[in-house]
Amino acid sequence: MAATSARTLKLLSIFGIGATLTAGELATRLGASVRTVRRDIDTLRDLGYEIEAVRGAGGGYRLGRATRLPPVVFDEDQAVATAVALQTVPTVLSGIHENAARALATLHQAMPARSRLHAEAFTVSSARNYWEFPAPPIDAEIVRAVGSAINWQHLVRVGYTGDGEPVTLTLEPHDLVVWAARWYLVAFDPDADRWRAMRVDRIKPRTPTHTPFARRDIPYGDPVAFVMTAHDRGDAAAEWQCRGSAILALPASIVARFAPGGSTVRYDTETTCRLTLGAWSWPGLAGLLLTFGADITDIEPAELRQALHSLRTRITKGLRPARPHR
């Protein structure tokens, strides 16, 4: 009976992700037979949970929208994921540390003993390395305002500080993307008739508009791919001991995807762009440029050109045939 109850609780937690799964998929996750899964579904229905049967291609079972899950139905993996998420979220959102700590404490109290042991075993400390250039933690109220506009499909009016003077924009917000510890808003700008990837830490939402809009097809069909390939996404060059730039014989969209954190990419032509980046030394900076495997021109400053000359000399020496031993 204990095993049956534990399996039924796990089945309920699986349904909690909101997906539609076949009896076979559920059986694989539970390590049980399809017949057992169907019996457990009947048990959940008897307990008052609305488990819907979805017919046709892509059908299976799912939890009904009217059903409310108990907040403590966690398996061990979910307990760990929740503990880690609540401890690390203050590194990317400001004004949420106390609420995250209270939420974690509440969950610990409500979890079954076995799940609580797994959750409490994870105490996470965040540290930054030299190649991370995250945005400052975003105000949770900004994320809430923008996220609500996305959810309700309402136009959002924002103040935005890009590379130039602050501007006020009315946007169709579609998605929020977190990449390299930086938040980006993917939005369509009707006035400019173009898509934008915008740093959320440079956005200040104005009074909500409550004006609906129809969703559009995002470039590449994926907000993450759009952000990663957008060269004008609002990033700024980081402060390094050595900083330089060069024209690369690659499209800006490609360089933007693989450029190190704290660098900027500027469109030059369809097949070239200017990359500005920094490093701890001029040879280190020269080495980063070479990793793109593309022709480079218009290299600045002179220290970077000299470093590239020095690397060429060292590489040439290294490629010479070794002298035979006597």
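See the structure above.
In this text the structure is predicted, and so the values were computed from the model without any measurement.

Participant: It is not clear to me how the environment of Arg45 should be interpreted in this structure. Could you clarify?
Facilitator: Position of Arg45 relative to the elements: it lies in helix H3 (residues 34-46). Relative accessible area serves as the criterion here: at 33%, Arg45 is assigned to the partly exposed category. Once residues lying within four places of it in the same chain are set aside, the contact partners of Arg45 are Ile51, Glu52, Ala53 and Tyr61. Polar side-chain contacts of Arg45 include one of 2.8 Å to the backbone oxygen of Ile51.

Participant: Help me understand the packing of helix H2 (residues 23-30) against H3, please; the structure alone is not making it clear to me.
Facilitator: In a pair of packed helices, the angle between the axes and the distance between the axes together describe the arrangement. In contact at an axis separation of 8 Å, H2 and H3 are set at 95° when each is read in the N-to-C sense. Classified by the interaxial angle, the pair formed by H2 and H3 is roughly perpendicular. Residue-level inspection shows Ala23, Gly24, Leu26, Ala27 and Leu30 of H2 in contact with H3, the latter providing Val34, Val37, Arg38 and Ile41. Of the residues belonging to the contact of H2 with H3, the class tally is 7 nonpolar, 1 polar and 1 charged.

Participant: Mind showing me how you'd approach the packing of helix H10 (residues 282-290) against helix H11 (residues 302-319) here?
Facilitator: At a minimum axis distance of 8 Å, the contact between H10 and H11 shows a crossing angle of 75°. Relative to H11, H10 is oriented roughly perpendicular. On the side of H10, the interface is formed by Trp282, Pro283, Leu285, Ala286, Gly287, Leu289 and Leu290, while H11 contributes Glu303, Leu304, Ala307, Leu308 and Leu311. Grouping the constituent residues of the contact of H10 with H11 by class yields 10 nonpolar, 1 polar and 1 charged.

Participant: Got a minute to help me understand the sheet that holds strand S10 (residues 242-248) in this structure?
Facilitator: By definition, the strands of a sheet pair up through backbone hydrogen bonds, in either a parallel or an antiparallel sense. Across the sheet, which stays open at both edges, the 4 strands sit in the order S11-S12-S10-S13 with antiparallel pairing between neighbours. What marks the edges here is a single partner per strand, and that holds for strand S11 (264-269) and strand S13 (296-300). Shown here is a sheet whose adjacent strand axes are inclined to one another by a mean of 20°, direction ignored. Across 5 bridges, the pairing between S11 and strand S12 (residues 272-279) is antiparallel. Paired with Thr269 across the two strands is Thr272, which belongs to S12. Contacts from H10 reach S10 and S12 within the one sheet, and its direction differs from that of S12 by about 145°. Sitting on the sheet, H11 is in contact with S10 and S13, with an inclination near 130° to S13.

Conventions and cut-offs
Each chain has its residues counted from 1, following the order in which its sequence is written. Local features are withheld for residues below a pLDDT of 70 in this predicted model, meaning they are given only at 70 or higher, and side-chain atom pairs are given and counted only at 80 or more; totals for whole chains, interfaces and linings count all residues. To obtain the side-chain values, all non-hydrogen atoms of the structure were included, while hydrogens and water were left out. Think of it this way: any DSSP run of H or I at least four residues long counts as a helix, any run of E at least two long counts as a strand, and we number them from the N terminus. A simple rule labels every residue: compare its accessible area, found with a 1.4 Å probe on the protein chains alone, to the largest value its type can have, and call it buried under 20%, exposed over 50%, or partly exposed in between. By definition, residues are in contact when any of their heavy atoms lie within 4.5 Å. Polar contact is the term for a pair of N or O atoms within 3.5 Å; when the atoms are in protein, one must be able to donate a hydrogen and the other to accept it, and sequence-neighboring residues count only if both atoms are side-chain atoms. Comment: axis = line fitted to C-alpha atoms, over the contacting stretch for helices; angle = value between 0 and 180 degrees taken between N-to-C directions. To sort the angles, those under 35 degrees are grouped as roughly parallel, those over 145 as roughly antiparallel, those from 65 to 115 as roughly perpendicular, and the leftovers as oblique. The nonpolar class holds Ala, Val, Leu, Ile, Met, Phe, Trp, Tyr, Cys and Pro. Asp, Glu, Lys and Arg form the charged class, and all remaining residues, Gly among them, are polar. Strands are labelled as partners when DSSP assigns at least two bridges between them.

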